[in-house]
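One-letter residues, chain by chain:
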Amino acid sequence: MRDTIQPPGARLGDRGRRLLERGRRFDSEALLPQLASALVGGTLLTLGLRRGRLGGVAMALAGGGLLFRGTRTDQEPHVRKHGVVVRTLRRQRGRDTTVELTVLQRSITLQGTPDALYRRWRDPETLNQVMGHFAEVTASGDGLQHWKVPGVFGKALEWDAEVVEEHPGELLRWRSVGDTALPNEGWVRFRRAPADWGTSVTLRFVFDPPGGVVGEKAVKLLGALPSLLALKALKRFKSLVEAGEIPTTRPNPAAREGGYSS
Amino acid sequence: MRALCWNGINDLGVETVGDPRIVNPRDVILQVKMSTTCGSDLHFIDGYIPSMRKGDVIGHEFMGTVVETGPEVKKVHVGDRVVVPSFICCGSCWYCQHDLWSLCDNTNPKGELQEPLFGYQTAGIYGYTHAFGGYAGAHAQFVRVPHADTDCFQVPEGVTDEQALFLSDAVPTGYMGADFCGIQPGQTVAVWGCGGVGLMAQKAAFLLGAERVVGIDRYPERLKLAREQVGAETISYEEVDSVLDVLKELTGGRGPDACIDAVGMEAHGTGVVAAVDRARQALHLQSDRGQALRQAILACRKGGTLSVLGVYGVMDAFPMGVIMNKGLTVRSAQQHGQKYLPRLLEHVVKGELDPSFLATHRFSLEDAPRGYELFKKKQDGCVRAVFLPN
Ligand SMILES: [Zn+2]
Ligand SMILES: [Zn+2]
């Protein structure tokens, strides 16, 4: 299923439809950022109108904008992803073609030295646990890692990755090899943090599939919340290292799903 | 097991749900001996805080007996009688190590839901919405307690179940609020709210050296508890023209050295689901709640301290200029229970603190919805309803 590269305008239709579809199955959790926006918006709007002076009008306008944003379900993705580093860069490829390059990058600060954390990251079992929210990662001989994202269009999305750059205690870079629907690369960087904060760790994924599915669509393959992919992986790494385990509520007693929920 | 579940806005029911299991290696399973209602539960029962899901088990203030331990649990043993703070904490992140327990980085599996609201995530809580982790609560026969070695505190001989119960949440919250005030001998502390947390803040202010404590509320039976159980002076804000004037007169025109806002979000209206309607209702609610906070800011003496324990959402029209011009210090937090529990247990053992008078009503778990009704409507002098599930 090869995607033709479309002009940016043509893509919006597809995106709008998808978001509309997503909007229909909002539960109260998914609604939270929107509700927050609606809360702030409604508050500012009412206060602003009540004051009725120039400052009040400005406040009402600002409030109205937020309220609008809060109650719409078919928003631009960059609005919904507000606060998360998701960049879609355009890279010129050939004369007439632009390709979207999706970069997911987040940083986290955790206890431990860069050296110790780097070693922990390199432990083959760690990556499997840390990426467990979306992929199974196993060592597959010849220094390769095998990544498997289950359940995409009824079958798993898989690739092998190789380490292409390694600076112990500082940086590790990897890249998918061979034929895959989702070519990608990534790196993780460890830097000493100030005072007693330990180490800042930055994780970046770049999805840049030449000739395959493109940009945003590729990221969609990774599930409902690709913008959180890097952040969740880092949070899981942090909890694993600092607290010895990754927090979970699965399974959780509840009056649903056979007495449990996840 | 049986558990009290949130089935929708203002719809609580006791249901049969699955027993909790050891999931992570530092978990224990607690057989709950007692749990109690908390004002902050009312926020999501009424639907003002989103991210509850139908069927969630609620309740975050509890004590009980350990019945099962995970393989990595070292200090806690089967049979231990323990009290557990309502925030789940890892004990090893920067925040836990700096005694900022409710800000723990590692116990909220759904922390990303909080980031649009708060910028960063907080710790997880039992039975308190999915934004706060989605953990099953303790109004149940059993509850799973993660990071048990950090979060379970042995209840010494001679301390009753009821005394221990309130050390889970109401007492450490109130104590922390008084601790934030940096009370010096001879000082006067005013506390808005005479519910469980407010009464404990008043008691703690005395324990920390305050000379005078003033409790402000409108329910006569709560004001009576403040006078008789805590030894505070009281103001019924419905019976005076100006709380500010009364506080000024009580302090020779100077104002209280520290003011504690322990007014929880109150219940108003019912059954609104649409986000915009909810926002409008929340606005109405905020102006109500804002009154106590603004009054505290006005009443506080120049250069004094404002300590905020009341639960707020997105606060509008915050009088920052008053705080700035009066040179107030503002401190606030959700409770850092793990910091205070050892010293609170000591106070109880020495007989300096007995919070069991908060337990005005007792119910079996099966009657818990009735308990919440009484608690919410503050009928029959209900300060806290205690549930006995087993
Ligand atoms: Zn509480
Ligand atoms: Zn922690």
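Along each chain, the written sequence defines residue order, and numbers are assigned to residues from 1. Each chain gets a letter, beginning with A, and each ligand a number, beginning with 1, in the order they are written. Per-residue local features are limited, in this predicted model, to residues with pLDDT of at least 70; the limit for side-chain atom pairs, both in listing and counting, is 80 or more; totals at the level of whole chains, interfaces and linings are taken over all residues. Hydrogens and waters are ignored; side-chain quantities use all the structure's heavy atoms.

- Taking an unreviewed UniProt entry as the reference, chain B is identified by name as Glutathione-dependent formaldehyde dehydrogenase belonging to Corallococcus macrosporus DSM 14697.
- Quoted verbatim from the Sequence similarities (unreviewed entry) field of UniProt, the annotation for chain B is "Belongs to the zinc-containing alcohol dehydrogenase family." UniProt positions are given in the numbering used here, feature names are shortened, and annotations may be inferred rather than shown by experiment.

- As recorded in an unreviewed UniProt entry, chain A goes by the name Coenzyme Q-binding protein COQ10 START domain-containing protein, listed as coming from Corallococcus macrosporus DSM 14697.
- Word for word, the UniProt comment on chain A under Sequence similarities (unreviewed entry) is "Belongs to the ribosome association toxin RatA family."

A look at the pattern of salt bridges
Phase 1: Within this document, salt bridges are pairs made up of a side-chain nitrogen of Lys or Arg and a carboxyl oxygen of Asp or Glu, the two lying within 4 Å of each other. Applying the stated criterion across every chain, the model contains 26 salt bridges over all chains.
Phase 2: In this structure, the salt-bridge partner of Arg384(B) is Glu61(B), at a minimum N-O distance of 2.9 Å. Note that Arg384(B) is positioned in strand β18 (residues 384–388) and Glu61(B) in strand β5 (residues 61–69), a separation of 323 residues in sequence. Here the two residues Arg384(B) and Glu61(B) agree in accessibility, since each one is buried.
Phase 3: We note a salt bridge from Glu233(B) to Arg212(B), for which the minimum N-O separation is 2.8 Å. Of this pair, Glu233(B) sits in strand β13 (residues 233–236) while Arg212(B) is found in strand β12 (residues 212–217), placing the two residues 21 residues apart along the sequence.
Phase 4: Burial classes: relative accessible area under 20% of the type maximum marks a residue as buried, over 50% as exposed, and values in between as partly exposed (1.4 Å probe, protein chains only). Here Glu233(B) falls in the partly exposed class, since its relative accessible area comes to 30%.
Phase 5: The network of salt bridges with shared partners includes Arg256(A), Glu257(A), Arg53(B) and Asp56(B). Strands here mean DSSP runs of E at least two residues long; helices mean DSSP runs of H or I at least four residues long; both are numbered from the N terminus.

Describing the coordination of the zinc ion (ligand 2)
Residue and element names in this part refer to chain B.
Phase 1: The coordination sphere of the zinc ion (ligand 2) contains the protein donors Cys-90 (SG), Cys-93 (SG), Cys-96 (SG) and Cys-104 (SG), at a distance range of 2.3 to 2.5 Å.
Phase 2: Note on donors: an N, O or S atom is included if it sits within 2.8 Å of the metal, or within 3.2 Å for Na, K and Ca, and water is never included, so sites can look incomplete. Geometry assignment treats four donors as tetrahedral when all angles are between 85 and 135 degrees, treats four as square planar and six as octahedral when opposite donors are over 155 degrees apart and all others between 65 and 115, and treats everything else as irregular. Around the zinc ion (ligand 2) sit four donor atoms, and with donor-metal-donor angles ranging over 101 to 118° the site reads as tetrahedral.
Phase 3: Here the donor residues of the zinc ion (ligand 2) are spaced in sequence according to C-x2-C-x2-C-x7-C.
Phase 4: Judged by relative accessible area, Cys-96 falls into the buried class, the value being 2%.

As for the sheet that holds strand β14 (residues 258–261) of chain B
Residues and elements named next belong to chain B.
Phase 1: Taken together, the six strands give an open sheet; going across it, the order is β13-β12-β11-β14-β15-β16, and neighbouring strands pair in parallel fashion. Of all strands in the sheet, those with a lone pairing partner are β13 and β16 (329–332), marking the two edges. Within the sheet, the average angular offset between the axes of one strand and its neighbour, ignoring direction, is 20°.
Phase 2: Should DSSP find at least two bridges between two strands, the strands are regarded as paired. Relative to strand β15 (residues 305–308), β14 runs parallel, the two being bridged by four bridges. Among the inter-strand pairings, Ile-260 is bridged to a residue of β15, identified as Ser-307. To get an axis, fit a line to the C-alpha atoms, keeping to the stretch in contact for a helix; angles then go from 0 to 180 degrees between the N-to-C directions.

Points about the coordination of the zinc ion (ligand 1)
Residue and element names in this part refer to chain B.
Phase 1: Looking at the metal site, the zinc ion (ligand 1) is ligated by Cys-38 (SG) and His-60 (NE2), spaced 2.1 to 2.2 Å from it. Of this pair, Cys-38 sits in the loop between β3 (28–36) and α1 (41–45) while His-60 sits in the loop between β4 (56–57) and β5; the two residues are 22 residues apart in sequence, bridging distant segments of the chain. In this structure, Cys-38 and His-60 share a single accessibility class: buried.

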